[in-house]
Each structure stands twice: as structure tokens, then as C-alpha cells.
Amino acid sequence: MPQATGGDTARPELRYDGRRPSGMREPDPGPLGLQGKRMSLFSPIAALSLATIIFAIDTLTPFDIAIAVLYVAVVLLALNFADRRRILLIGAGCMALTLLSFILSHGARFDSGPVARCLVSLSAIGITTLLAAKVKAGIAVLGESERRYRHIFLATGVAILEMDFSEVGTAIAALKTAGRGIDAVRAEDPGFARRMLGKMRLINANDTTLTMFGAGSVADFRAALPQLAPKEMEGALWSMLSALWDGSTAYEAESLMGTLDGRRLNVLFTVAVPSERPELGQVLVTIMDVTARREAEDALHHAQAELAHVTRVATLGELTASIAHEVNQPLAAIVTNGEAGLRWLNRPEPELQEGRTSLQSMVDDAKRASAVIKRLRALSSKSTPQQAAFALDELITETVTLVRRELDGHRAHLSLKLDEDLPPAFGDRVQIQQVLINLIVNACQAMGTVEGRPRDLGISCSVADGALEMTVADSGPGFDPDTASSLFNAFYTTKANGMGMGLSICRSILEAHGGRIRASAAHNAGATFTVSLPAHKEAL
Ligand code: ADP
């Protein structure tokens, strides 16, 4: 599976072990021409020839002008081939030649004119040399920084795309001027996002991009780019356009993308718009292949769902007495009503109306038994999670009937505080029921040791800040507040036969629902578990 690997090698193909296409391009030399060592011989020869000519003219001709000033051209030519130290040496050499010419042509005569010309030339050469050396040092730093960024650009495990979105920017600006909103455009012109994708022009892409998408060259990738966005990517495209519409300078999303060789990748992509170029002329897009991570997460979710199922079935085993009672009660009522019905009908003068009532009661009881069995089947079945709206208070009343025997067996006194006007909850009803059963069974077990004071179990539900809250509070021994964070860890248990999975599964279930669970307790004053669940959006 393609993934970024560690190591400090500079070769991009080792940084990303996806399939590497053939014909990978060589890194271009930088715009400043600082990468290659292909140094032209022209500049040194030209500099040497120029210095010789200036020296000859300066020494042999009697002109009253500062010919030696022309040595600055030699120093400037040296910028092309010499490093900072050599530039200083060349400058010093030019100054020495200036002095030599002066001595050769004027001997020990120090007339003010020639001396002044010589001093002007020396100052000009000196200043130019110092400036050239400074510029050279600056170029060296710039070159080093360019090399570093080029290395990062090419060798990083992240695909980096330099793109031009200016046509998209123009289209958005035109729609805005026409007074349209992105939502209206989306409703009326569903093909807009895809057309905009075609207008996003790729300027350059690093090698990782080519490797990740199985492209042989930037040109191949550029040509294929619009086709690499499958239908599933359209949602992300619309949100990106909406972010650009709002003038955001950064956007991030996860999506599916295709590759040139027919693979499908889960990618995390970011779009960065430089704040100094809001017209979208130079947009940086990075793409990270998170396929392996997604697959691992899916496998983990699958394993968690399996585990949740196993513990659910185990809990059902613990609740056998309650369940048997729940099913037995309507069955016993059916028998009683059946016998009563028979008696009414067996009379010398059959009481048809009473017989009918008995039969109706039998049907009602049978329906009740069948409903209980259906609920149990849902709890023990391995069906995939179903997301739907459901009433939390009804779920609580129904669950309490399932665990009634457990409560009675532990002599727990139950008090319910339910709000019937709650907005519906949203999620998998069976999983939330599993959470509640877990909390009730834990509370009963915790209160099993309580003697000499009431064993109270309070269950309540309410709404706070748009979220539903359900609390299960017991009057058991509670727990040491220091251990509160450990309670939800897998395999944490203080029970001789405990598995330590119940609360950990409760937490995963709630997190998957966008909710959470927390526990609080005062030593010897009971424990309270609070569950928050998002309410069904449409109901709010
Ligand atoms: P298990 O019930 O198998 O131990 P759980 O994950 O359900 O696994 O619970 C973990 C631990 O949390 C329990 O062993 C117990 O120490 C503590 N705990 C859970 N519920 C309560 C409660 N109501 N009161 C006190 N401690 C509790």
C-alpha cells in the first residue's frame, strides 16, 4: 500500500513506495542557475582579457582620465564565476594593477591630477568589490534556501501541486456580481463544480504527485487531472468552491480520487491561497494518500463492532432472568386468557362477547411477546448500525423493562425522570440501548455491596444546549476520582469476573455518534454516568 516512509534519503522514489512511473524527470536547475556546476568559461576569459587591456591602456597611454575605473567591470564579471573569497581577491588584484600602472607611468612623481584619478579608481574598485562580495554572499544564501525548498518539494511524501485558479476566481466574481449565491448555483447548475475543475490549471507538480497518481510526466498528469475526480469527490469540490467563494485562504477535505492506472485513493487535500495573491493566480494544493490509514481505521471499526456485538450477547446472557420473565409474562397471560375464553364459550349458553374479549387479550399479549422477542433479536443480531431518529425517553422505558429482573435481583429502587417533549435523538437505537444496559448493569453490580442504606438508581433524560443528556446515577460505593479517566480504558476492571470492555465500548459507540460519556463520583456516595447525544438536526 502506498505510504510515506521515513529515512533521510533525498531520492523521492524512496520516500513514497507507491508504483514509480518510468521516465521521471530530472530536477530543473533553479531559475538563478545555481544548481548546475556547468560554469561557462566565457566569463573568466573575458575578465582576464578585460583586465589585461585596461592595464595596457592605463600603463601605456597618456590619457588624463581614470581608465582604471573600468576594473569595476572585471569585478562584476567575476560575479559570474567566482565565490565571495575569490571576488575579494580579484578586486584586490585590480587595485594592485591600478597602483602598478601608476608607478610604471608616473614613477615617483606625485602630481595631484594623476594621484586623484588613481584614488578615484581605487575607491570605485574597492566599493564595487565589497558590494559584489555582499551580493555573492546573498546569492549563496538564496541558492541554499532554493536548494532546500526544491529538495522538500521533490522529496516529500506529500503531493504538491502549484495551480492557477484565476479562471475559477473570474467565474466566481462574475456570479457574485450577478447577485447569485453558491447554494443557488449548486441547485440550478449541478455541473458547475466539474466545469470549474476543468478550469483549474496545473502549473507544476512534484515527483510524489506523479508517483502517487501513476503519471509518467507532469504533462500526462495535467491532461488526466479532470478525470481523476470521481463522482464521490463532487461534494468536496463544492465545499472547496464555497470556501473560495467566501474568500477563505485555506481549505482542507478528505475525498476519493482516481489514478491514471485505475486505482482509487483516499486522499486528504489542502488548498492554500497566498494572501498576497487573492486573485487565485497561484494556489498551492497538497494531497496526502491516506488510503492505508483509512483501511486500518475501517478494520478497527469492524473489530470494534464485532467486540460490541460479543459483549452485547454476553450482557444478554447475564440478563437471562429478566428476559425470560419479559417473555414469560405475556405467554402466561395468553394461557390465562385462552382458558377464560374456553370457559366462556363452553357455557351451555356461550358468552360470545366475553369470548371475543378473551381472544382479543390473547392477540394483544402475543403481540407483546413478539415485540419483546423482536427487541431481543435486534440486540443479539449482528446487523450493521442503522442511523435513524428515535425517542430517548421511549428507549429508556423499554430498556428498563428488559433489566427489571436485574434491578429486582439487586434490590435496586428505580426512579425515572423523563422528559417526554425531548427532541428525538439520532443514531443507532440498538447501540444506544447497549450503552444504557451496560450502565444499568454496572450500577446494579456496584450497589450489590451496599447495606444499611437505600440502593437508589436514578435515570433521567433532558436537553441542554441542543444536545440530549441521559444520566444514570446510583448510590453504590462510587469510585476514586483519580481512577475516573481509567474507567473507560479497555480491560480496566475491578471485578473478579469483569472483562473491562463495557465502558470502553460505550465510549466508542458514543464517539461514533458525535456524543460523549463522562463519569463522576464522590467516594462512597455513588457514581453518575452522563451521556450526551446530538439531537436529530431536523427536530431542532
Ligand atoms: P466491567 O464491568 O467488566 O468491569 P466496565 O468497563 O463496564 O467493565 O467497567 C469498568 C470498571 O468501571 C468496573 O470494573 C468498575 O470498577 C468501574 N465502574 C463501572 N461502573 C461503575 C459504577 N456504577 N460504580 C462504581 N464503579 C463503576
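Calculation rules
- Residues numbered from 1 in each chain as written.
- Predicted model: local features only at pLDDT ≥ 70, side-chain atom pairs only at ≥ 80, totals over all residues.
- Heavy atoms only, no water.
- UniProt positions renumbered as here; feature names shortened; annotations may be inferred.
- Helix = DSSP H or I, 4+ residues; strand = E, 2+ residues; numbered from the N terminus.
- Expected span 1.5 Å × (residues − 1).
- Buried < 20%, exposed > 50% of the residue type's maximum accessible area, 1.4 Å probe, protein only.
- Contact = heavy atoms within 4.5 Å.
- Near = heavy atom within 4 Å.
- Polar contact = N/O pair within 3.5 Å; in protein donor to acceptor, adjacent residues only side chain to side chain.
- Areas by Shrake-Rupley, 256 points an atom, 1.4 Å probe, with all protein chains shown as cover.
- Nonpolar A, V, L, I, M, F, W, Y, C, P; charged D, E, K, R; others polar.
- Axes fitted to C-alpha atoms, helices over the stretch in contact; angles between N-to-C directions.
- Parallel < 35°, antiparallel > 145°, perpendicular 65-115°, else oblique.
- Left-handed = near helix turned anticlockwise from the far one by under 90°.
- Pairing = 2+ DSSP bridges.
- Lys, Arg positive; Asp, Glu negative; His and termini not counted.
- Salt bridge = Lys/Arg side-chain N within 4 Å of Asp/Glu carboxyl O.
- Core = buried A, V, L, I, M, F, W, Y, C linked by side-chain atoms within 4.5 Å.

- With an unreviewed UniProt entry as reference, the protein is termed histidine kinase, source organism Bosea caraganae.
- In the Catalytic activity (unreviewed entry) part of its UniProt record, the protein is described as follows: "ATP + protein L-histidine = ADP + protein N-phospho-L-histidine."

Points about helix H4 (residues 84–106)
Point 1. Helix length check: H4 (23 residues) gives 33 Å between terminal C-alpha atoms against 33 Å at 1.5 Å per residue, within 8%.
Point 2. Turning to H4, its buried residues number three or more, namely Ile87, Gly91, Cys94, Thr98, Ser101 and Phe102.
Point 3. If you follow the buried residues of H4, they end up packed against helix H2 (42–60), helix H3 (71–78) and helix H5 (112–155).
Point 4. Glycine 107 lies just past H4 and shows a positive phi near 60°.

Topic: the site of the ligand
Point 1. Neighbouring residues of the ligand: 19 residues in total, closest Asp474, Thr493, Thr494, Lys495 and Leu503.
Point 2. Methionine 499 is positioned such that a nitrogen or oxygen atom in its backbone is 2.9 Å from an oxygen atom of the ligand.
Point 3. Alone, the ligand offers 530 Å² of accessible surface; in the complex the protein occludes 92% of this.
Point 4. Of all the elements in the fold, those that place two or more residues in the shell around the ligand are helix H17 (429–447), helix H18 (502–512) and strand S12 (527–534).
Point 5. Looking at the shell around the ligand, the element that brings in the most residues is H17, giving three residues.
Point 6. Considering only residue class, the shell around the ligand consists of ten nonpolar, seven polar and two charged.

Re the packing of helix H15 (residues 392–402) against H17
Point 1. Packing of H15 against H17 leaves a shortest axis separation of 10 Å and a crossing angle of 55°. Classed by the angle they form, the pair H15 and H17 counts as oblique. The chirality of how H15 crosses H17 is right-handed. Residues Leu392, Glu394, Leu395, Ile396, Glu398, Thr399 and Leu402 of H15 touch H17, and the partners they reach there are Arg429, Ile432, Gln433, Leu436 and Ile437.
Point 2. Taken together, the residues of the contact of H15 with H17 break down into seven nonpolar, two polar and three charged.

Observations regarding the sheet that holds strand S1 (residues 159–164)
Point 1. Read from one edge of the open sheet, five strands run S2-S1-S5-S4-S3, paired in antiparallel fashion. Across the chains shown, the open sheet's two edge strands, defined by having one partner strand only, are strand S2 (201–205) and strand S3 (250–258). Across the sheet, the axes of successive neighbouring strands diverge by a mean angle of 30°, strand direction being ignored.
Point 2. Pairing analysis gives five bridges linking S1 to strand S5 (residues 283–289), with the strands arranged antiparallel. Pairing of isoleucine 160 across the sheet is with threonine 286, part of S5.
Point 3. Sheet strands in contact with helix H11 (residues 234–245) are S3 and strand S4 (264–272), and its direction is about 160° off that of S3.

Concerning the UniProt feature "domain: PAC" (unreviewed entry) in the protein
Point 1. Per the UniProt record, "domain: PAC" (unreviewed entry) is found at residues 251–302.
Point 2. End C-alpha to end C-alpha, residues 251–302 measures 30 Å, and it is 23% helix and 46% strand.

What to know about the pairing of strand S9 (residues 456–464)
Point 1. Bridging between strand S7 (residues 413–417) and S9 involves five bridges; their strand directions are parallel. Across the sheet, the residue bridging to leucine 416 is isoleucine 459, located in S9.
Point 2. In the sheet, S9 pairs with strand S10 (residues 467–474) via eight bridges, with the strands oriented antiparallel. Paired with valine 463 across the two strands is leucine 468, which belongs to S10.
Point 3. Here S9 folds back onto S10 in antiparallel fashion, the turn holding two residues, of which aspartate 465 has a positive phi close to 50°.

Some remarks on the environment of methionine 362
Point 1. Mapped onto the secondary structure, methionine 362 falls in helix H14 (residues 352–380).
Point 2. On a C-alpha basis, the gap between methionine 362 and proline 330 in space is 8.6 Å, while along the polypeptide they are 32 residues apart.
Point 3. Look past the residues within four positions of methionine 362 in its chain and what remains in contact with it is Ile334, Asn337 and Gly338.

Here we look at the side chain of aspartate 58
Point 1. Note on placement: aspartate 58 falls in helix H2.
Point 2. For the buried residue aspartate 58, which engages in no salt bridge, the nearest side chain bearing the opposite charge is arginine 117, 7.3 Å off.
Point 3. Excluding anything up to four places from it in sequence, aspartate 58 contacts Ile67, Ala68, Thr98, Ser101 and Ser105.

As for the pattern of salt bridges
Point 1. Tallying each qualifying case throughout the model produces 17 salt bridges.
Point 2. Ionic pairing is found between aspartate 365 and arginine 368, a salt bridge with its closest N-O pair at 3.7 Å. Here aspartate 365 pairs with arginine 368, and both are found in helix H14, just three residues apart, close to one helical turn.
Point 3. Between arginine 518 and glutamate 469 there is a salt bridge, with the nearest N and O atoms lying 3.8 Å from each other.

Description of the nonpolar core
Point 1. Judged by nonpolar contacts, the single largest core of 55 residues is most densely connected at Leu392, Leu407, Leu457 and Phe529.
Point 2. For this core, the leading source of residues is H17, giving eleven residues.
Point 3. Excluding residues that lie within four positions of it along the chain, leucine 407 makes contacts with Val400, Ala412, Leu414, Ile440, Cys444 and Leu457.

Things to note about unusual backbone geometry
In terms of backbone geometry, most residues other than glycine have negative phi values and most peptide bonds are trans.
Point 1. Despite not being glycine, arginine 411 has its phi angle at roughly 50°, a positive value.
Point 2. Look at phenylalanine 491: it is not a glycine, yet its phi comes out positive at around 70°.
Point 3. Of note, phenylalanine 491 is situated in the loop between S10 and H18.

Brief notes about the sheet that holds S9
Point 1. Strand order in the open sheet formed by five strands is S7-S9-S10-S12-S11, and the pairing between neighbours is mixed. Looking along the sheet, the strands with just one partner apiece sit at the ends: S7 and strand S11 (516–521). Mean inter-strand twist for the sheet, computed between neighbouring axes without regard to direction, equals 15°.
Point 2. Direction of pairing for S11 relative to S12: antiparallel, over a ladder of six bridges.

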